[in-house]
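Take a look at the letters that make up each chain.
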Amino acid sequence: KKLASLLRNGAEGTLVIDSRSFVEYNSWHVLSSVNICCSKLVKRRLQQDKVSITELIQPASKMKVEAEDHQDVVVYDQSTRDVTGLAADSFLSILLGKLDSCFHSVSILTG
């Protein structure tokens, strides 16, 4: 409900990231969300710092994405309910870590 309210009120500084597969994203997604699919290649490149998080987001985003203090990020996947239960080497855990080091506020939409 909180995310829907943010998007309805035109929170232009909020970046919504869909971390599900490309097929799931194309089936349904949050309007204006950006898909960063969870492929093994993307995961490995993120882990090895061969690609920055903004380089992954920018091509799919309609808004300018820069690692700024005032930009809020909301991430969602298919079914994560508790971030503390994620394996350290899971794609979502790596993605959240990279986002957290670049953006002021990073949240996950649970469920």
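Quick note: structure is the one above.
Presented here is an overview of the structure given in this document. (Residues numbered from 1 in each chain as written. Predicted model: local features only at pLDDT ≥ 70, side-chain atom pairs only at ≥ 80, totals over all residues. Heavy atoms only, no water.)

Moving on, we get to the overall build of the protein. A count of helices and strands for the protein gives 5 helices and 4 strands. In the protein, the succession of α and β elements from N to C terminus is α-β-α-β-α-α-β-α-β. Within the protein, buried positions represent 32% of all 111 residues. In the structure as shown, the protein presents an accessible area of about 7000 Å², 52% of it carried by carbon and sulfur atoms. (Helix = DSSP H or I, 4+ residues; strand = E, 2+ residues; numbered from the N terminus. Buried < 20%, exposed > 50% of the residue type's maximum accessible area, 1.4 Å probe, protein only. Areas by Shrake-Rupley, 256 points an atom, 1.4 Å probe, with all protein chains shown as cover.)

Moving on: the packing of aromatic side chains. For the structure shown, the criterion picks out 0 aromatic pairs. A cation over an aromatic ring shows up here: R20 above the ring of W28, its NZ or CZ 4.4 Å from the ring centre. (Phe/Tyr/Trp six-rings, centres within 6.5 Å; stacked < 30°, edge-to-face > 60°. Lys NZ or Arg CZ within 6 Å of the ring centre and 35° of its normal.)

By the secondary structure assignment, V106 is in strand β4 (residues 105-109). Look at V106 and you get partly exposed, because its relative accessible area is 22%. Distance from V106 to V75, taken between C-alpha atoms, is 7.5 Å for residues 31 residues apart in sequence. Residues contacting V106, with those up to four places away along its chain left out, are V73, L96, L99 and D100. (Contact = heavy atoms within 4.5 Å.)

Quick look at unusual backbone geometry now. Unusually for a residue other than glycine, D49 sits at a positive phi of about 55 degrees. Along the chain, D49 falls in the loop between α3 (40-47) and α4 (53-57). Looking at D49, the relative accessible area reads 57%, which means it is exposed.

For the rest of this paragraph, the subject is helix α5 (residues 91-102). Between its first and last C-alpha atoms α5 spans 17 Å; for 12 residues at 1.5 Å apiece the expected length is 16 Å, and the two agree. When α5 is considered as a whole, its buried residues turn out to be F91, L92, I94, L95, L96 and L99. Structurally, α5 contributes buried residues whose contacts are with β1 (14-18), α3, α4, β3 (72-76) and β4. (Expected span 1.5 Å × (residues − 1).)

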